[in-house]
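Here's the letter readout for the chains.
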Number of protein chains: 2
Amino acid sequence: MSSYHPLTEAEAVEIAKSIPNVLQPDQEIVCREIGDGNLNLVFHVRQPSTGASLILKQALPYAKVVGESWPLTLDRSRIESEALQIQAKLAPGLVPAVYRYDADLALTVMEDLSDHVIMRRGLIEGGIYPKFAEHISEFMARTLFFTSDLGMNQQEKKLLSKSFVNPELCKITEDLIFDDPYTNSPNNSFDEHLREEAQALWSDTALHLEVALLRDKFLTSAQALLHGDLHTGSIFITPESTKVIDPEFAYFGPMGFDIGAVIGNLLLNYASQEHWSSDEASRRERRAYLLGTVRDVWNLFESKFRKIWDENVIDRMARTEGYQDHYVRRLLQDTVGFAGCKMVRRIVGLSHVADIDTIPNPAVRAKAQRIALSIGTSMIKQNRDTRSIDEIIDMADTAVHESRS
Amino acid sequence: MSSYHPLTEAEAVEIAKSIPNVLQPDQEIVCREIGDGNLNLVFHVRQPSTGASLILKQALPYAKVVGESWPLTLDRSRIESEALQIQAKLAPGLVPAVYRYDADLALTVMEDLSDHVIMRRGLIEGGIYPKFAEHISEFMARTLFFTSDLGMNQQEKKLLSKSFVNPELCKITEDLIFDDPYTNSPNNSFDEHLREEAQALWSDTALHLEVALLRDKFLTSAQALLHGDLHTGSIFITPESTKVIDPEFAYFGPMGFDIGAVIGNLLLNYASQEHWSSDEASRRERRAYLLGTVRDVWNLFESKFRKIWDENVIDRMARTEGYQDHYVRRLLQDTVGFAGCKMVRRIVGLSHVADIDTIPNPAVRAKAQRIALSIGTSMIKQNRDTRSIDEIIDMADTAVHESRS
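Summary of the structure given here. (Residues numbered from 1 in each chain as written. Chains lettered and ligands numbered in written order. Predicted model: local features only at pLDDT ≥ 70, side-chain atom pairs only at ≥ 80, totals over all residues. Heavy atoms only, no water.)

1. Focus on the overall build of chain A
And then number 1: What chain A contains, in helices and strands, is 14 helices and twelve strands.
And then number 2: In terms of C-alpha radius of gyration, chain A reaches 21 Å, essentially the compact-globule figure of 22 Å for 405 residues.
And then number 3: Along the three orthogonal principal directions, the C-alpha set of chain A runs to about 65 × 55 × 40 Å.
And then number 4: The 405 residues of chain A split such that 59% are buried.
And then number 5: Within chain A, contacts between residues at least 6 apart in sequence are counted, and of these 73% link residues at least 24 apart.
And then number 6: Surface summary for chain A: the accessible area is close to 15400 Å², and the carbon and sulfur share equals 49%. (Helix = DSSP H or I, 4+ residues; strand = E, 2+ residues; numbered from the N terminus. Rg over C-alpha atoms; globule rule 2.2 N^0.38 Å. Buried < 20%, exposed > 50% of the residue type's maximum accessible area, 1.4 Å probe, protein only. Contact = heavy atoms within 4.5 Å. Areas by Shrake-Rupley, 256 points an atom, 1.4 Å probe, with all protein chains shown as cover.)

2. As for the interface of chain A and chain B
Reports of interface size often rely on the accessible area that becomes lost once the parts have come together.
And then number 1: Residue-level contacts link 41 residues of chain A with 41 residues of chain B.
And then number 2: Roughly 3500 Å² is buried in total at the junction of chain A and chain B, and carbon and sulfur atoms are behind 60% of that figure.
And then number 3: Linking chain A with chain B are eight salt bridges.
And then number 4: Between Arg-316 of chain B and Asp-179 of chain A there is a salt bridge, and its shortest N-O distance comes to 2.7 Å.
And then number 5: Taken together, chain A and chain B are joined by 18 residue pairs in polar contact (both at pLDDT 80 or more).
And then number 6: Elements represented by at least two residues in the side of chain A that touches chain B include exactly α5 (154-163), α6 (167-176), α8 (205-220) and α11 (323-348) of chain A.
And then number 7: Among the elements that take part in the side of chain A that touches chain B, α8 of chain A stands out by supplying ten residues, more than any other.
And then number 8: When grouped by side-chain class, the residues that make up the side of chain A that touches chain B number 15 nonpolar, twelve polar and 14 charged. (Buried area = accessible area lost by both parts, 1.4 Å probe. Salt bridge = Lys/Arg side-chain N within 4 Å of Asp/Glu carboxyl O. Polar contact = N/O pair within 3.5 Å; in protein donor to acceptor, adjacent residues only side chain to side chain. Nonpolar A, V, L, I, M, F, W, Y, C, P; charged D, E, K, R; others polar.)

3. Here's the deal with the packing of aromatic side chains
Residues and elements named next belong to chain A.
And then number 1: One pass over the full model with this rule turns up 34 aromatic pairs over all chains.
And then number 2: Ring geometry for Phe-145 against Phe-305: centres 5.7 Å apart, planes inclined by 80°, an arrangement best described as edge-to-face. Of this pair, Phe-145 sits in helix α4 (residues 132-146) while Phe-305 sits in helix α10 (residues 280-312), and the two are 160 residues apart along the sequence.
And then number 3: Since its relative accessible area comes to 0%, Phe-145 is described here as buried. (Phe/Tyr/Trp six-rings, centres within 6.5 Å; stacked < 30°, edge-to-face > 60°.)

Keep in mind these values describe shape, not function.
Printed below as a string of structure tokens:
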């Protein structure tokens, strides 16, 4: 079993039985492969008699997106399991526990979270998650601070960064987020009714300049160990609990990329309320909830990050008066810029989001898409001038108002 | 001979003989150890009959500075030889040729440059190097551009960066350049007549903020493969030829750190002319030459870098109108900030420069030191506002004029 091959369900059960203290080996075990088959096999192994269960996630040596298939390193499985273990230590309870990692099989055995739902799905269905902002800000403040030069031994950080050199998965981001949407690339995919908007993106030099600067940051700024793909599809949630999953894009990059992913995806759901809310009153209420969550995510992140900094900073020069304010302001600006990039690419780029793509009525979908593009491009263009998260709330409000005229 | 031990002269000769096509094995060979014994052994192996010669440089497992000794990784020898080979390929003729690298012995066998002088010594002695700006700008423009995300495959760059993770030598820079000079550190060393100036550095919060920002860039900005220690003591020179040596501090960092090292060290020599020029007229002439060289180094760097960019950029987004201007402006600003840090640390920090420290008259030395501190602190404080290299020339002029009042 030690050389790489895609596991069968029977093999998955045998491996699951060998994990201590989870399943009773003499009682019935049920196994189901629940992955989407595009990137990974995911086995859900469960014991009906005890309710015990676990997940086996095995990387496949290729990626399938929209019918195409290209080879993809199995090393992403090591990166994912190592990132999960670092995150578990820094942000206890906010990631699934890892029971075992098998490098040869590119296999991670981990805690089953099937009592949670994928947050993107939960938001589409109108879920309310009162603890989310608290949890995700805690996750980000702690994982980002303590893997940065502010909170980690600076020589150990350099050595750790070697383990998270992640060229193949970074390239996916570099292409799909920071390049394709701004040119007539064959990788792009958008509804024909958006052709004019797409072409406007391709010819907007002022927008391209900001994207180029953000791309440069993504390529060169090794601020902290990022999750690297922190959208609402990478979060398992209940009203009481938040678990961040799938950090296979982890690498040392700019902190704002993670925070921006959360905020950008909340705003994509905000844009999609054109459809998901049944009437104007519920739409207003839902949008207020989502914007409140955006504001809380940033504000809680900022206050936690500052508190952690005050109590734990290891860099003497970082204690300089005014430096923390400067650092946090730039972090907000990066967050806003990256959030905008995340929104734009989900409308015109290769990979979309269900919040918007599953809206059946084309006219309603177009309206949601235009709101998302309007917020996204505004955030990108104004990122370096942003001083407060309230400016983003205003942009989101404005985009909705303008979509009515 | 394969396990590490400091070589004897006899062993050095045997190794030298084994390098093909340099020495005649049957004729007399002379060997002399010419290193300063602080970091490396340096054997000069020469054949009087033919004039052929070469250098064996072996890293010692410790560093000695001002009497103290601390362990230092032998891996710096690998980093140095790999950096030299990359630089030789990118900037042919501007680094010594490497004949062999022996990892076990931490030994690099390379071209002998004893027909050159160390540029710091040459400048102190009043040397004129009309090709220097041309050569060093070529070296920097090519090595920096082609190891950055602008000019190198972005995935290969990430992999290459693993080989240049250099925590021990980076820590020396982080401490001695970006921390100690700004606090009452036991590592500092300065003439007692500078106590007031040193204390002013320790309490200047506006200065500390800029140093903290530059330190953050040094820690996190993986722009390109730097030389990492590009002062005039790392350059062998003649009026016709320039050779950059000793890249043991090489790592992926901000480009401006290399350019700033060159400019900062030219300005340290400029400050030292209080002593080295014999009268006011020759002092004015010498300073004009040095400031002209500073201006040329930047201007030639900028024009070469832009030309290389126009002809070779591999990043589609970097072709965005306005992006190159923005990038080059930030590069100038970084250069100015790092140059300032390099100057300040050579006056009050652990490691000084002969240009200034060998001025025998304390009053004259003090004047030179104050000119250097004035230029250095001005550059640090104004780095983010700099728009032209002429502003730096003005700062240098002003510092001299003010030193007379």
